[in-house]
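# Survey of secondary and tertiary structure
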Amino acid sequence: MSSTQKKSRRALLVVNPKSRNGAEADIDSGIERLRADGVEVEVLHSEGPQETEDAIRQRHKALDFVIVGGGDGTISSTARVLKECQLPLAILPLGTANDLARSLGIEELDQAFDVIIENHRQPIDLGVVNGHYFFNVANMGLGVKVTEAQDSEIKKRWGVLSYLRAFFVALRRAQKFRVKLALDDERYRMGSIQLAVGNGRYYGGGNLVAEEARINDARLDLYCLRPRGLMELLGMALLVRGGKHHLAKRIFNASAQHIEVETKPRLEIHADGEPVTNTPATFSVIPRALEVLVPRNSEELLSEKERGQ
């Protein structure tokens with residue numbers, strides 16, 4: 001739909017009041033902007049995923065799209081119901097990391113409202129691990145320890161820097177594990193302390209899953225960090241941050257559409273920062289699974305070739 005069309009649109013705005021900025025963020029002026037543009041907005045302050053899912057199911061036939069305000073975990077929890085109801089998604093980045101917003105090219109709250117008003121839509125992919133949908137990344141090992149080391153009060157005070165603190169805490173708790181990988185038709189075995197499978201472009205407060213990863217490229221990007229000493233791990237931190245895993249000899253990286261993972265011992269898997277399942281795990285990607293409101297010509301959604309043209 002063109003941004004010049006002013007046909008009334010109906011939206012449910014779901015806000016997580018527990019997200020880092022959800023309680024404090026002044027979204028009232030943004031809502032007024034939407035209503036002035038012809039968007040009929042119903043606001044739901046949801047206390048959890050089940051309340052959100054029930055509300056969307058009850059209203060889906062009367063809605064044109066759903067706006068979700070919160071962090072990555074809150075937004076990810078709506079993926080299944082939005083896909084089943086075939087409702088487009090708009091986001092308000094109110095969390096600490098806001099990695100899905102980064103993957104879409106949305107940098108701040110005011111811009112998010114601009115995107116909703118412009119109403120430019122584009123399909124993105126969904127990752128699946130053992131039947132659970134995710135937007136950004138599913139990981140096991142060190143990444144799970146980072147999540148567990150997060151403190152809600154410190155997240156509110158430090159924001160994205162809280163991930164750096166949690167990383168150093170997690171390094172002391174990291175454990176080695178053995179992993180078997182099946183990537184499409186190829187198989188590998190190796191030792192690891194961290195394994196991540198990305199559908200989106202960003203995770204963990206702005207880390208790149210892979211340098212060329214996009215949330216609409218119909219593939220999964222995997223990296224496996226082999227066990228190393230503390231100083232060597234710290235030396236690789238900038239490469240991991242920038243998605244340049246291929247430059248580090250002790251990091252295995254690959255892309256695939258179907259991935260199977262077995263580990264010894266059995267490990268917990270977090271997706272978009274929330275515990276969802278355990279190994280063994282099967283990963284897949286659903287191309288063009290969900291329509292999302294995004295900035296027009298967002299560079300984050302363009303391939304390297306498209307960006308160079």
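Whatever comes next refers back to the structure up there.
What comes next concerns the included structure. (Residues numbered from 1 in each chain as written. Predicted model: local features only at pLDDT ≥ 70, side-chain atom pairs only at ≥ 80, totals over all residues. Heavy atoms only, no water.)

Across its full length, the protein chain holds twelve helices and 18 strands. Within the span of the protein chain, comprising 309 residues, buried residues form 52% of the whole. For the protein chain, the share of sequence-separated contacts (at least 6 apart) that also reach a separation of at least 24 residues comes to 73%. Total accessible area on the protein chain stands at roughly 14,400 Å², and carbon and sulfur atoms take up 47% of it. (Helix = DSSP H or I, 4+ residues; strand = E, 2+ residues; numbered from the N terminus. Buried < 20%, exposed > 50% of the residue type's maximum accessible area, 1.4 Å probe, protein only. Contact = heavy atoms within 4.5 Å. Areas by Shrake-Rupley, 256 points an atom, 1.4 Å probe, with all protein chains shown as cover.)

With that settled, consider the pattern of salt bridges. Inspection of the entire model under this criterion finds 13 salt bridges. Measuring nitrogen to oxygen at the nearest pair gives 3.2 Å for the salt bridge that ties Glu53 to Arg57. With Glu53 and Arg57 both in helix α2 (residues 49-59) and four residues apart, the pair spans about one turn of that helix. By relative accessible area, Glu53 is classed as partly exposed at 21%. You can call Arg57 partly exposed: its relative accessible area is 34%. Across the pair Arg102 and Asp99 runs a salt bridge whose closest N-O atoms are separated by 3.3 Å. Remark: Asp99 and Arg102 occur in helix α5 (residues 99-104); sequence separation between them is three residues, near one turn of the helix. What emerges from the salt-bridge pattern is a single network uniting Glu53, Arg57 and Glu84. (Salt bridge = Lys/Arg side-chain N within 4 Å of Asp/Glu carboxyl O.)

Turning our attention to the nonpolar core. Grouped together as the largest cluster of nonpolar side chains are 51 residues, with contacts concentrated most on Ile67, Leu89, Leu92, Leu104 and Phe135. When residues of this core are assigned to their parent elements, the largest contribution, six residues, is made by helix α6 (residues 109-118). With 25 residues, the next largest nonpolar core counts Ala138, Leu183, Leu222 and Ala271 among its residues. (Core = buried A, V, L, I, M, F, W, Y, C linked by side-chain atoms within 4.5 Å.)

Strands in a sheet are paired, the pairing made by backbone hydrogen bonds, and the direction either parallel or antiparallel. Spatially, the six strands line up as an open sheet ordered β14-β13-β10-β7-β16-β17, and their pairing is antiparallel. Edge positions in the sheet fall to β14 (251-256) and β17 (274-278), since each has one partner strand and no second. Between one strand axis and the next, the sheet turns by 20° as a mean value, whatever way the strands run. One ladder, built from four bridges, connects strand β16 (residues 268-271) with β17; its direction is antiparallel. Following the sheet pairing, His270 is matched in β17 by Pro275. (Pairing = 2+ DSSP bridges. Axes fitted to C-alpha atoms, helices over the stretch in contact; angles between N-to-C directions.)

Here we take up the environment of Ile56. Its place among the elements puts Ile56 in helix α2. For Ile56, a relative accessible area of 0% puts it in the buried group. Spatially, the C-alpha atoms of Ile56 and Leu13 are 10.0 Å apart, while their sequence positions differ by 43 residues.

Quick look at the side chain of Thr277 now. Looking at the element boundaries, Thr277 is found in strand β17. Polar side-chain contacts of Thr277 include one of 3.0 Å to the side chain of Asn130. (Polar contact = N/O pair within 3.5 Å; in protein donor to acceptor, adjacent residues only side chain to side chain.)

Along an α-helix, residues three or four apart share an orientation, since each turn contains 3.6 residues. Of all the positions in α2, only Thr52, Ala55 and Ile56 are classed as buried. Looking down the long axis of α2, one finds its buried residues gathered within 95° of arc, a one-sided arrangement. Residues of α2 that are buried in the fold lie against β1 (9-15), β2 (39-45), β3 (65-70) and α4 (79-85). (Arc of directions from axis to C-beta.)

Attention now moves to α6. For α6, the full list of buried residues reads Leu109, Ala112, Phe113, Val115, Ile116 and Ile117. Looking at the buried residues of α6, the elements they touch are β1, α1 (28-36), β3, β4 (89-93) and β18 (281-293). Backbone geometry just after α6 places Asn119 at a positive phi near 65°.

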